[in-house]
Amino acid sequence: MTDSGGPGPALREFVRAQGLAAADDDVRWEALTGGVSSDIWKVESPRGVFCVKAALPRLKVASDWRAPIERNAHEWDWLCFAHACRPGSVPRPVAHDPRVGAFAMEYLDPRQHPVWKRLLLDGRIDAAFAADVARGLAFLHQASAGRADLRERFATLETFHAIRLEPYLVATARAHPSVQPQIERLVDELSASSIALVHGDVSPKNILVGPRGPVFLDAECAWFGDPAFDAAFCLNHFLLKCLARRGDARRYLGLVAAFSSTYFGLAGWEDAHALEARVARLLPALFLARVDGKSPVEYIGRDPDRDLVRATALRWLEWPPATVGEIARDWLERLG
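Residues numbered from 1 in each chain as written. Predicted model: local features only at pLDDT ≥ 70, side-chain atom pairs only at ≥ 80, totals over all residues. Heavy atoms only, no water.

Draft legend 1. Region of the structure containing the pattern of salt bridges. Evaluated as defined, the whole model comprises 28 salt bridges. In this structure, aspartate 303 engages arginine 306 in a salt bridge whose closest nitrogen and oxygen atoms are separated by 2.2 Å. Of this pair, aspartate 303 and arginine 306 are both found in helix 11 (residues 303–318), three residues apart, which corresponds to roughly one turn of the helix. Among the ionic contacts, a cluster of salt bridges with common partners joins Lys53, Arg71, Glu75, Asp218 and Glu220. (Salt bridge = Lys/Arg side-chain N within 4 Å of Asp/Glu carboxyl O. Helix = DSSP H or I, 4+ residues; strand = E, 2+ residues; numbered from the N terminus.)

Draft legend 2. Fine view of the nonpolar core. One finds Trp78, Phe259, Tyr263 and Trp331 to be the most contacted residues of the largest nonpolar core, which totals 91 residues. The element contributing the most residues to this core is helix 8 (residues 228–244), with 12 residues. Setting aside residues up to four positions removed in sequence, tryptophan 78 forms contacts with Val90, Leu140, Phe154, Leu197, His199, Phe216, Ala219 and Ala222. Judged by nonpolar contacts, the second largest core, of 15 residues, contains Leu11, Trp41, Ala102 and Ala104. (Core = buried A, V, L, I, M, F, W, Y, C linked by side-chain atoms within 4.5 Å. Buried < 20%, exposed > 50% of the residue type's maximum accessible area, 1.4 Å probe, protein only. Contact = heavy atoms within 4.5 Å.)

Draft legend 3. How the structure looks around the state of the cysteines. Tallying each qualifying case throughout the model produces zero disulfides. Residue cysteine 51 stays outside any disulfide, its sulfur separated by 15 Å from that of cysteine 80, the closest cysteine. The exposure class of cysteine 51 is buried, given its relative accessible area of 6%. Since its relative accessible area comes to 28%, cysteine 80 is described here as partly exposed. (Disulfide = S-S within 2.5 Å.)

Draft legend 4. Main features of the packing of helix 7 (residues 180–191) against helix 10 (residues 272–292). Closest axis-to-axis distance for the helix 7/helix 10 pair is 10 Å, and the angle between their directions is 125°. Classified by the angle their axes make, helix 7 and helix 10 are oblique. Helix-helix and strand crossings are classified by hand; for helix 7 and helix 10 the assignment is left-handed. Side by side, helix 7 and helix 10 meet where Ile183, Leu186, Glu189 and Leu190 of the first sit next to Arg281, Leu282 and Ala285 of the second. Grouping the constituent residues of the contact of helix 7 with helix 10 by class yields five nonpolar, no polar and two charged. (Axes fitted to C-alpha atoms, helices over the stretch in contact; angles between N-to-C directions. Parallel < 35°, antiparallel > 145°, perpendicular 65-115°, else oblique. Left-handed = near helix turned anticlockwise from the far one by under 90°. Nonpolar A, V, L, I, M, F, W, Y, C, P; charged D, E, K, R; others polar.)

Draft legend 5. Inspection of the pairing of strand 4 (residues 48–55) at higher detail. Within strand 4, six of the eight residues are buried, which leaves the element mostly enclosed by the surrounding structure. Note that strand 3 (residues 38–45) and strand 4 share eight bridges and pair antiparallel. When the sheet's bridge partners are listed, isoleucine 40 is paired in strand 4 with lysine 53. The hairpin turn running from strand 3 into strand 4, its antiparallel successor, is two residues long. Here five bridges tie strand 4 to strand 6 (residues 102–106), and the two strands are oriented antiparallel to one another. Its bridge partner being in strand 6, lysine 53 is matched across the sheet by phenylalanine 103. (Pairing = 2+ DSSP bridges.)

Treat this as a map of the structure, not an account of what it does.
Here it is, written out as structure tokens:
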């Protein structure tokens, strides 16, 4: 097999062994950007165009952030689950080899599937699409809730702790001793939860705006736990985007309203009010984590903006809001 630049021999052999290219095929590898936890390649061979993803033991961030590479197999399992119960909500799974720590999936052209984060930061804010995201997420949570087979297959708390709880919540708690007990209580509650299959990284950077609706990517953190984490993680990004484009703050908060009303309205697996209360408790900690955890958002660069996030989050942690709507209203007021 020849190629025009690419990864090491293990991934090239993976492509050949899975029948995605012949030994003498001319194969082109193109590194795709955007992720910090895996190497992702667009691969073109005479047999088709697809993506290959391989997990990294150390994430590409400034902090020393490591995670088990077995998460690649968990992501593959989540991808297969989502594809089976809601085709089109994820790229089509193609091939997987756990020994290599890599899988191949359908390649989606960014011209027809732009990244939602880019559109949001450009001011293209569509509340109907946020509702579609909530609808797709609620469907996957409903389809997995209470399933013993998925609870066993995704007993992945160690990975979830390494990629989500430690860098986001535990690290933030260490940085803010005044609210450390509140955040540690959230970590304990999440660690003990076992309700439904959680994606773990429902962020606009991991959602494509497809012609038939949202397409979810990057489920490396997949874990059978509390679906409130997915909802809070996504809602948090709408709140933070208000600082990137203050003039559009009301429109970003419109996404909060559209997502919340749709998601909680479809939460048939449990009491919607109890679910929203957990989301409202999680949001302040995740909000604070995006300035003082191991993965700060890149578009909040001004000290006054970071200070506003800190002051707001610390107040919410001390006096927890009861609903997501209360959080949105208070945040709009603080933005002035």
